[in-house]
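Residue-level structural notes
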Amino acid sequence: MVTKRFLLDEFPEVMWIKDEALREKCLDTFADALQTGGWDEENASACPIAVTELSPECPLGNFSHVHDVMYLCKVMCDWYIPRYAEHIDCDPDMVLAAAFLHDCCKYTEYTIKDGRPAYAEDARYMRHPLAGAILAAKHGLPPKVIHAIATHSFEGSDSYQSPESHLLKQADSASFGYLYLRFHA
Ligand SMILES: [Fe+2]
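Since the model is a prediction, treat every value here as computed from it, not as a measurement.

Moving on: the packing of helix H4 (residues 92–101) against helix H7 (residues 143–150). Running from N to C, H4 and H7 point in directions that differ by 45 degrees, and their axes come no closer than 9 Å. Taken together, the axes of H4 and H7 are oblique relative to one another. The two elements H4 and H7 cross, and the hand of that crossing is right-handed. Where H4 abuts H7, its residues Met94, Ala97, Ala98 and Leu101 lie against Lys144, Val145, Ala148 and Ile149. For the contact of H4 with H7, the residue count by class is seven nonpolar, no polar and one charged.

Relative to the helices and strands, Cys77 resides in helix H3 (residues 62–83). The exposure class assigned to Cys77 is buried, which follows from the 22 C-beta atoms found within 10 Å. On a C-alpha basis, the gap between Cys77 and His166 in space is 11 Å, while along the polypeptide they are 89 residues apart. Each residue touching Cys77, except ones within four places of it in the same chain, is listed here: Pro92, Val95 and Leu167.

Of all eight residues in H7, six are buried; the element is thus mostly enclosed. What H7 keeps buried is the set Val145, Ile146, His147, Ala148, Ile149 and Ala150.

A few words now on helix H6 (residues 128–138). Among the residues of H6, His128, Pro129, Ala131, Gly132, Ala133, Leu135 and Ala136 are the ones counted as buried. Within two residues after H6, Gly140 carries a phi angle of roughly 80 degrees, on the positive side.

A separate point is the environment of Ser159. Of note, Ser159 is situated in the loop between H7 and helix H8 (163–183). Overall, the presence of 12 C-beta atoms within 10 Å leaves Ser159 in the exposed class. Placed twelve residues apart in sequence, Ser159 and His147 show a C-alpha to C-alpha distance of 9.8 Å.

Another aspect to go through is the pairing of strand S2 (residues 116–119). The sheet contact formed by strand S1 (residues 110–113) and S2 spans four bridges and is antiparallel. Paired with Thr111 across the strands is Ala118, a residue of S2. Hairpin connection of S1 to S2: two residues between the antiparallel strands, including Asp114 at a positive phi of 50 degrees.

One can describe the packing of H3 onto H8 by two numbers: an axis separation of 9 Å at closest approach and a directional angle of 130 degrees. Looking at the two axes, H3 sits oblique to H8. Considering how the two elements wind past one another, H3 and H8 form a crossing that is right-handed. On H8, the residues touching His65, Asp68, Val69, Leu72, Cys73, Met76 and Cys77 of H3 are Leu167, Leu168, Ala171, Asp172, Ala174 and Ser175. A class-by-class count of the residues in the contact of H3 with H8 yields nine nonpolar, two polar and two charged.

So, how was this worked out
- Within each chain, residue numbers correspond to sequence positions counted from 1 in written order.
- Per-residue local features are limited, in this predicted model, to residues with pLDDT of at least 70; the limit for side-chain atom pairs, both in listing and counting, is 80 or more; totals at the level of whole chains, interfaces and linings are taken over all residues.
- Simply put, an axis is a line fit to the C-alpha atoms, just over the touching stretch for a helix, and the angle between two N-to-C directions goes from 0 to 180 degrees.
- Under the scheme used here, helices are H or I runs from DSSP no shorter than 4 residues and strands are E runs no shorter than 2 residues, and both carry numbers assigned from the N terminus.
- Note that the term roughly parallel is reserved for angles under 35 degrees, roughly antiparallel for angles over 145, roughly perpendicular for angles of 65 to 115, and oblique for everything else.
- Should the near helix be turned anticlockwise from the far one by less than a right angle, the crossing is termed left-handed; should it be turned clockwise, right-handed.
- Contact between two residues is assigned when their C-beta atoms, built from the backbone, lie within 7 Å.
- When residue character is reported, Ala, Val, Leu, Ile, Met, Phe, Trp, Tyr, Cys and Pro are called nonpolar, Asp, Glu, Lys and Arg charged, and the others, Gly included, polar.
- Put simply, a residue is buried when 20 or more other C-beta atoms lie within 10 Å of its own C-beta and exposed when 12 or fewer do; between those, it is partly exposed, and each C-beta is set from the backbone.
- Only strands that DSSP links by at least two bridges are regarded as paired with each other.

This is the structure in structure tokens:
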């Protein structure tokens with residue numbers, strides 16, 4: 001069982017999402033991903049950022065990466081959106097909701113096998129960007145959030161990028177790339 005209270009305690013940044021209904025859908029989606037993947041409140045923090053691209057010595061898990069991406073997105077929203085508001089329409093709530101959810105389906109892509117993180121069976125058919133987009137759609141998240149989740153990794157490299165998905169993709173790349181400097185496998 002994964003409660004919204006647990007998720008809010010882990011991720012107080014969720015309160016940066018101003019729309020309460022959007023926030024609730026985000027929490028429902030994240031909890032669904034954890035439970036679908038067989039994770040719970042006790043072991044969720046053991047989920048790695050990446051199973052094969054980063055070495056097992058990397059001390060930081062996926063929760064830490066989500067914090068990074070949410071903070072980076074908040075900073076970028078605070079700077080870019082007002083600065084270019086005359087020219088570019090970008091909704092900070094959509095960016096922050098997508099930042100929170102972009103890797104939620106790492107909890108369906110990864111599992112614990114023989115005490116170590118590993119790819120779940122069938123993970124190769126549905127990486128977390130697509131699985132996350134489908135799960136977000138199931139919970140009624142808006143198209144801008146679904147699109148940003150779907151395109152935040154290499155799946156989106158040749159895709160149209162909205163302003164919201166662009167900011168998320170850059171934040172994700174900055175966070176992952178910084179750790180990759182030290183912990184690449
Ligand atoms: Fe990510």
